[in-house]
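This is what each chain is made of:
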Amino acid sequence: MTHPSPAAPPPNALLDLAPPTAAEFAAVERRVAALLGTGNDVVIMQGEALLPLEGCVKGAARPGSTALNVVTGPYGQTFGGWLRDCGALVHDLEVPFSGAVGAEAVERALAEHPETDFVSLVHAEAATGNTNPVAEIGEVVRAHGALLMLDAVASVAAEPLLPDAWGVDLCVIGAQKAMGGPAGVSAVSVSERAWARLAANPSAPRRSYLSLLDWKERWIDAGRRALPHAPAQLEMAALDACLGRIEQAGLASVQKKHALAAAATRAGVLAMGGGLVPFVREAAAAAPVATTLRTPPGVDASALVAKALTADPGLPLIAGGGALASEMIRVNHYGPAATAGGPASGASAAPASAEVPPAASAVQPAAPASAASGGPDASVREEAEGAGAGRRFGRAALVTAVLTALGALLGLVRDQVIAHLFGAGAESDAFLVSWTVPEVSSTLLIEDAMALVLVPAFSLAVARGSVRGLVRRTLPAMCVVLGCVSLLVIAGAPWVVDALAPGLPDHDLAVDCTRATATCVFSFGLVGYFSAALRAHSRFVASGAIYVAYNAGIIATMLLLPARLGVRGAAIGVAVGGLCMAALQAPSLWRRVREAAPSPSGGAVPGVGVALVAPVIVFALSRQAQVLVERFLAAPLDAGAISHLNYAQKVAQLPMTLSLMLCTVTFPVVARAMAAGDTGTARRRVERDLATAAVVVLLGTAVVISCAPQIVHVLFQRGAFDAADTAATASVMRVYALGLLGQTLVGALVRCYFSTARPLWFPALAMIGGLALTTASGAGLVRVWGVLGIAAANALGISLTAVLLLAGLARRGVPVRIPRVAAGLARLAAAAVAATGAGRLCVSLLPASPDPYAAVVAGPLAVAAVFLAVCALLRAPEADAVLAAARRTARTVRTVTGRLTDVR
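What counts, and at which threshold
Residues numbered from 1 in each chain as written. Predicted model: local features only at pLDDT ≥ 70, side-chain atom pairs only at ≥ 80, totals over all residues. Heavy atoms only, no water. Helix = DSSP H or I, 4+ residues; strand = E, 2+ residues; numbered from the N terminus. Buried < 20%, exposed > 50% of the residue type's maximum accessible area, 1.4 Å probe, protein only. Contact = heavy atoms within 4.5 Å. Areas by Shrake-Rupley, 256 points an atom, 1.4 Å probe, with all protein chains shown as cover. Salt bridge = Lys/Arg side-chain N within 4 Å of Asp/Glu carboxyl O. Core = buried A, V, L, I, M, F, W, Y, C linked by side-chain atoms within 4.5 Å. Pairing = 2+ DSSP bridges. Axes fitted to C-alpha atoms, helices over the stretch in contact; angles between N-to-C directions. Phe/Tyr/Trp six-rings, centres within 6.5 Å; stacked < 30°, edge-to-face > 60°.

A. Spatial organisation of the overall build of the chain. Within the chain one finds 36 helices and 13 strands. Put simply, the chain has 904 residues, and 55% of those count as buried. Pairs at least 24 apart in sequence give 77% of the contacts found in the chain among residues at least 6 apart. For the chain, the accessible surface area stands at approximately 36,200 Å², while carbon and sulfur atoms represent 64% of it.

B. How the structure looks around the pattern of salt bridges. Evaluation of the coordinates by the stated rule reveals 13 salt bridges. Between D415 and R414 there is a salt bridge, with its nearest N and O atoms 3.1 Å apart. Neither D415 nor R414 differs from the other in exposure class; each is buried. Connected through shared salt-bridge partners, R31, D240 and E247 make up one network.

C. View of the nonpolar core. Counting residues in hydrophobic clusters, the biggest one holds 135 residues, and the most contacted among them are F431, F458, L698, F716, M733, L828 and F867. The biggest single contributor to this core is helix α29 (residues 679–716), with 17 residues. If we skip the residues at most four places from it in the chain, M733 touches A648, V651, A652, V704, A708, I711 and V712. Ranked by size, the runner-up nonpolar core spans 92 residues in total, among them A26, V42, A67 and V141.

D. Summary view of helix α2 (residues 50–60). Burial of α2 is extensive: 9 of the 11 residues sit out of reach of the surface. Looking at α2, one finds that the buried residues are L51, P52, L53, E54, G55, C56, V57, G59 and A60.

E. A look at the sheet that holds strand β11 (residues 290–294). Spatially, β10-β11-β13-β12 is the arrangement adopted by the 4 strands of the open sheet, whose pairing is antiparallel. Only two strands of the sheet have a single partner each, and these edge strands are β10 (277–278) and β12 (317–319). Contacting β12 and β13 (328–332), helix α11 (residues 301–311) crosses the sheet at an angle of about 150 degrees to β12.

F. Representation of the pairing of strand β1 (residues 41–45). Buried residues dominate β1, accounting for 5 of its 5 residues. On β1, burial covers both faces: D41, V43 and M45 on one face and V42 and I44 on the other are all buried. In the sheet, β1 pairs with strand β9 (residues 186–190) via 5 bridges, with the strands oriented antiparallel. Following the sheet pairing, M45 is matched in β9 by S186.

G. A look at the packing of aromatic side chains. According to the stated counting rule, one finds 7 aromatic pairs in the structure shown. Between Y529 and F530, the aromatic rings sit 6.4 Å apart at their centres with planes inclined by 75 degrees, giving edge-to-face as the arrangement. Considered together, Y529 and F530 belong to a single accessibility category, that of buried residues. Here Y547 and Y550 contribute two aromatic rings whose centre-to-centre distance is 6.3 Å and whose plane-to-plane angle is 75 degrees, an arrangement assigned as edge-to-face. Note that Y547 and Y550 are positioned in helix α23 (residues 546–560) at a spacing of 3 residues, about one turn of the helix. An aromatic cluster of three or more residues is present, and its members are F25, W215 and W219.

Following this line, the structure appears as structure tokens:
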């Protein structure tokens, strides 16, 4: 397909077009800045994009500077020549044109050449059809301190482009591709760092058509009152018009059109066979503006394209350039040609239009054209697919919610059985010290570290068809390591207990229990591995049911073992529960691995190295160390202090567990979006997840603070757990609940940081900062408030970590809009404060009675009503969705009640 011919203008209309005024020129600059989402200066240069590209290179490079030039296509090769002409020492990082460069490769190159002060990179190479992960590369370059120049000519308007968030100092765009505009005008956004670099370079062009500094000094700094030279009115008018067209359609819509066109073209080529294959092997590395194809051996691409164009000159086909002319065909689908049908049919026409070997000439699409092409029904199909995805998320979230709730319920039953049998004294304290091993193992191997490392890795392996290879590479080695660690903990149990709780009254009992629970290091490792693999395959039933199996195993073991074993039976139950979790998931994972088919290209196996795993492990251990600090500080206090902390945490954390269930379902989605460079989708998903999680946890926090004594009474006050234990546990639970929002935000935000499967130390450093505050404040507050001081220190430390993670997310992870998220959280918190007051008032108005059940029912109802009302009043995020769900629930209850009445 070609660009449609414009309607003939009136006579002399183009000749008589008035040149733009300075104000009109500046207005177009502002529209370009809005397109890029940048707050930096934008310079419009009147020439094809090679003009500002050369101006950027010659303005920033000079003798004595060192440049890293990333070469993924012909334009990268051009930049290298310009840099050398400027006298810079240039190190070329060349990768095959059939793929993208990884941030790890750039990081290694910068480490090998630490003097590097300039990096040049092409976002999307239309000539070779690949696109590079600029967000990850930008972070590496920014951390190194170098200046980053990006050629975004082929990517602007076709895929997400966020120069400010990605740390791009010089971002050059052209209008002639995805923007559907003129070729004779281009633009560049320039950061303050870049301006300083250009101003300090005596070799930078001045009084030259290549000079950016002329625009800075004579236009921007002069207040944009007079243009430096005569403007090109035709090109400026065309640029203004194409910007208007993008704004009217919506940038996201334009980008989606390009993505659909690229996907349809690639799918069409793969479906029809015949010898043509995508030149760029991985779909995630393929550019949305053009799809490049490799011809079969012995088939000349230039001759093939020539014959195809002779038959139909309108086909969007070009032969590759230079050395690629004999083997590459390029299918353009950008600008007005960004439709799913035209490019795919153009690609299918190429082999049929030439004399090729039998394997390449038998072009029979494997599916009806409507299945791979666009046309009038494309938008309908797209909406249907989006609705289907929403339903799948809804079902997955519902299944996860039900299984999570059931697992949490069994966890409460488990704690009730322990409280009934052993109360809150020296024996239960000894068991809870040994419980630290499964708690740390759960955080490290199931909830955080293993999932944060392996979900992105398995998601990428699923896309590449290399699941079997990843399992072969990682599972045996992991089993050996975990088995050795488990044996070490068993052998060193006395020293483990001394380190965790010095001065514990029943040391020997704690050692026996720790040796039983140490088996969880191995079993939980398998559980975390299996869960990550199943989630990446969008299988959530088995992974969601693990805590049902775990708690059922513990409860059954405690009830079946002889009473003379005492609390040792609970420790043995922990070991049995771990095995039950692994056994539950193993069959489902085995089916996934057995059914996995390798990709046609062989499917490169994602790496899971020490550099990737180390920061995740440090983060997870630092997070779990908060519990270790609590037990260390509580060990010298009166018997039962550790137990009161434990029971308070278990109940208070229920809202947090439920709030994070959606993040568990959507984490693979965010990982896949970030891997594909679709930061817009990732950002929208994360912002919505944060709001939803905050709604759930703040509603739960208000209930916990309002009704803590009644909740603890109903759940635990029986057997050896008396009224004094209830009062102490309720007091701790109220203080501990103040940190629940921080706990939830940390759990949700860290998934965003590690969704790109790359080494990132910031979350671990933020967690260490929070742990330091917990330790320091806990050591001081425990002397004043005892066990309440320990709970308060926990809330302070985790809240600090949450603030740090939220503040740093936009630059180091998914580019969420921090002010918007913070404002939404503030409105939800205000609603929670009002609801807490209403809940406490409601409970206080109830008649004094030893029966707490009325308060447990009435208090939460009052909290929910006030919370939802204030959320609606303040227009808090996700309030509409919560109210809609409440209305649907009410209608369902009324319907069921009506039917029951009719039956009676």
